Amino acid sequence: MRWNMKTRFCVILWTIALLLAGCVRIEPIPAQTGDPEQEESALSVLCTGVYEDTAPDGTAEIARFYAVGDVLLCEVDEVHAAYYAEEIRPEDPSLLLAPVSSLPAEGIPVTVRRFSGFSNLGEYWDEAAAYRMEFTPDGVVFHAQDGGEDYARTRSGAEDSGIIGQKREELRSLLGTEPGPDPAPPVGSWVSGARTLVLREDGGILYSFREEGHPVRVYAGAYGIGPDGRLVCLTKRIGWAEMPFEGSYRWALEDGNALVLRSDEAQDPILAESEIRFTSAEVLTEGAF
């Protein structure tokens, strides 16, 4: 059999690779296309499922993690007691997008601040505290760096039905009828400065607003188009228990890629403005919304 020069060259390269394989470990390049065999990111692992632990005072705590854009929250319900949320800010947010197995052994440096709807008028009730967030087979452990107490979030194994599913039937009852065939805003994610809006195909809505010096506002629930053509939503605010927040908005698509929401209230309880102009953008969301 006669080989041309190109074939000989390929065979020589392949032979060299086989010889080197015995003494040099060649690491594969991770896939970037959502390969199902690729290890999940730390953020995806963190925001899946329900966590249950007992606080030092003996109170049972049920926790869930959520992420919207660059915002990471942990919402905590204290059984037969109160509720609150933690705003978690990693020093290096990119670490949360890496596989758990590649994280630093000492954990991810983060700062944590806490807030709730029932204390301090919804503002932070403490100063930012430094922790190292360590992923474990059971969940995650926060190691205090400022002389505070360590604490854990331990997976309970329970499934989380999600906020949106819980609000969908309530919204249908609120509208009085099933949303009709009226046109609706395009599904997708939208941004306007520090505001993020996500409209999902399943009728879910997410809205977040980050204002410097204040706890981030994250609303999640369901939306539909009412008989008058308005976008109507029923949401809960993370860290504010099950208090319902309703919204009713005139909407319009302008200039081909701008979604405008208009409220009849100057300080709308969700938007915090009477009019917001959004542009389309990719937004990361994780958790059982």
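All of these numbers come straight from a predicted model, not from anything done at the bench.

Caption draft 1: Highlighting the overall build of the protein chain. Helix and strand counts for the protein chain stand at 3 helices and 17 strands. Here the protein chain holds 289 residues, and 41% of them are scored as buried. Of all intrachain contacts in the protein chain linking residues separated by at least 6 positions in sequence, the fraction that spans at least 24 positions is 47%. Carbon together with sulfur atoms contributes 53% to the accessible area of the protein chain, which is approximately 15,900 Å² in total.

Caption draft 2: A look at the side chain of K167. With respect to the helices and strands, K167 occurs in helix α3 (residues 163–175). For K167, a relative accessible area of 3% gives the class buried. Setting aside its immediate chain neighbours within four residues, K167 contacts G221, A222, L234, T235, K236 and E242.

Caption draft 3: View of the nonpolar core. Core analysis: the largest hydrophobic core is formed by 27 residues, its most contacted members being F65, L72, I88, V110, Y131, M133 and F142. Secondary structure elements with two or more residues in this core: α2 (42–46), β2 (60–68), β3 (71–78), β4 (83–90), β5 (108–115), β6 (129–136) and β7 (139–144). The element that contributes the greatest number of residues to this core is β6, accounting for 4 residues. Residues contacting M133, with those up to four places away along its chain left out, are L96, G107, I108, V110, V140, V141 and F142. In this structure, L197, Y219, C233 and L271 belong to the second largest nonpolar core, which totals 21 residues.

Caption draft 4: Quick peek at the confidence of the model for the protein chain. Averaged over every residue, the pLDDT of the protein chain is 84; residues scoring 70 or more account for 85%. Low pLDDT, under 50, characterises residues 1–34; the predicted model gives this stretch 4 contacts beyond four residues in sequence or across chains.

Caption draft 5: Fine view of unusual backbone geometry. Within the chain, N120 stands out as a residue other than glycine whose phi angle is a positive 55°. By the secondary structure assignment, N120 is in the loop between β5 and β6. The residue A241 is not glycine, and still its phi comes out positive at about 55°. With respect to the element layout, A241 can be found in the loop between β13 (231–237) and β14 (244–254).

How each quantity is defined
Residues numbered from 1 in each chain as written. Predicted model: local features only at pLDDT ≥ 70, side-chain atom pairs only at ≥ 80, totals over all residues. Heavy atoms only, no water. Helix = DSSP H or I, 4+ residues; strand = E, 2+ residues; numbered from the N terminus. Buried < 20%, exposed > 50% of the residue type's maximum accessible area, 1.4 Å probe, protein only. Contact = heavy atoms within 4.5 Å. Areas by Shrake-Rupley, 256 points an atom, 1.4 Å probe, with all protein chains shown as cover. Core = buried A, V, L, I, M, F, W, Y, C linked by side-chain atoms within 4.5 Å. pLDDT = per-residue confidence, 0-100.

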